[in-house]
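Residues per chain are reported as follows:
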Amino acid sequence: MALGAVAEPPVRRRGSDYAQLSRRISQAGLLERRPGWYVTRIVLTLGAFVAGWVAVFLLGDSWWQLPLAALMAVATTQVAFLGHDAGHRQMFRRRGPSELVGLLAGNVAVGISYGWWVDKHNRHHANPNHEDEDPDVGAGALVWTPEQALETRGFGRWMAQRQAYFFFPMLLLEGLNLHVASIRAIVGREDGKYAVPMRHRAVEAALLVAHTAAYVALLLAVMSPVKALLFAVVHQALWGLYMGCAFAPNHKGMPMPTAEDELDFLRKQVLTSRNVRGSRLVDTTLGGLNYQIEHHLFPNMPRANLRRAQPIVRAYCVEQGIPYAETGLVESYRQALGHLHEVGRPLRG
């Protein structure tokens, strides 16, 4: 989707627009840390996560482990949301405690590299939906622009024509993809140097090995190899699906700026992001990512403050004449799938 289709915003005071909004947010106290809220959230989330694994151990060699694997996929995603918040320093101002929580949530509990994710996610935040700068919209299993679609060959081209239909089934493999990408980030080299910068590479590698060993050992200790394999398949597939469904509404189908588009920080973040309406249940289910506009404008804002920041940000965008995208969850998926389908149109033609 070209940015040229968006209504031209006012150009006056463009350099100071974000500063004015930031002052309003700061004056409302919405950048202050919420230690009490996060202590409660961490205790409840990790409590459910640990209780789930205790249930796996106690249940033993039973086919009821498969429904439990689905519940563990939910618990695992909620822990991953804590790692996301830690990566943005929403919990603590200092790097040390943030990294500790991130390593425990990412490498130990979930089994993905915290350092790799932070590097990738920071590049996404710096240039959301930018084809050349945002790693989340680079050509891969899916393509995000007609130009990427036209560059596909063979099976990739066949997939690009039909990718909207395969989007949700492909998310079942996202969990596996995250694990593989984490390993590649830790060991991968380019020109004699590590390809992905990482502060604690050796520690992260050891924690991932420990996670994998403990995961396999626990499953094989309490159930037959067949049930253990099926548990892992259900758990990892549904975790990947949940993660994909939480992140897909945020930018897919929104404008994709190019090098020719000159946007200030405020417009770059707002125009490329989409909010999802809903109750506090939606907030919990999506880990606060339904306030994607507010999160991109203020990445270190505690998750609990995003709901309170939304009316301030939305009103300010109205003042500045900046389109503010907000829709329901189902509609957000429809728009994302519509974009994927439209991208493949040149191939179908």
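Higher on the page you've got the structure.
Since we're looking at a predicted model, the values are computed, not measured. (Residues numbered from 1 in each chain as written. Predicted model: local features only at pLDDT ≥ 70, side-chain atom pairs only at ≥ 80, totals over all residues. Heavy atoms only, no water.)

Quick look at the overall build of the protein chain
Helix and strand content of the protein chain: 16 helices and four strands. For 349 residues, the compact-globule estimate of 2.2 N^0.38 gives 20 Å, and the protein chain sits close to it at 21 Å. Its C-alpha atoms give the protein chain principal-axis dimensions of about 65 × 55 × 45 Å. The buried share of the protein chain, taken over its 349 residues, is 49%. When contacts within the protein chain are restricted to residue pairs at least 6 apart in sequence, those whose partners lie at least 24 apart make up 72%. For the protein chain, the exposed surface amounts to about 16600 Å²; the carbon and sulfur share of it is 64%. Charge separation in the protein chain, taken as the distance between the mean sites of 36 positive and 28 negative side-chain charges, equals 6 Å. (Helix = DSSP H or I, 4+ residues; strand = E, 2+ residues; numbered from the N terminus. Rg over C-alpha atoms; globule rule 2.2 N^0.38 Å. Buried < 20%, exposed > 50% of the residue type's maximum accessible area, 1.4 Å probe, protein only. Contact = heavy atoms within 4.5 Å. Areas by Shrake-Rupley, 256 points an atom, 1.4 Å probe, with all protein chains shown as cover. Lys, Arg positive; Asp, Glu negative; His and termini not counted. Charge placed at Lys NZ, Arg CZ, Asp CG, Glu CD.)

A few points about helix α1 (residues 17-27)
Within the span of α1, buried status applies to D17, Q20, L21, S22 and I25. Against α11 (265-271), α13 (292-297) and α14 (306-320) lie the buried residues of α1. Positive phi shows up at G29, right after α1, with a value of about 75 degrees.

Observations concerning the packing of helix α4 (residues 95-110) against helix α9 (residues 201-222)
One way to put it is that α4 packs onto α9 with a least axis distance of 7 Å and a crossing angle of 40 degrees. It follows from the interaxial angle that α4 and α9 lie oblique. For the pair formed by α4 and α9, the contact residues are L103, N107, V108, A109 and V110 on the first element and E204, L207, L208 and H211 on the second. Looking at the contact of α4 with α9 residue by residue, the class counts come to six nonpolar, two polar and one charged. (Axes fitted to C-alpha atoms, helices over the stretch in contact; angles between N-to-C directions. Parallel < 35°, antiparallel > 145°, perpendicular 65-115°, else oblique. Nonpolar A, V, L, I, M, F, W, Y, C, P; charged D, E, K, R; others polar.)

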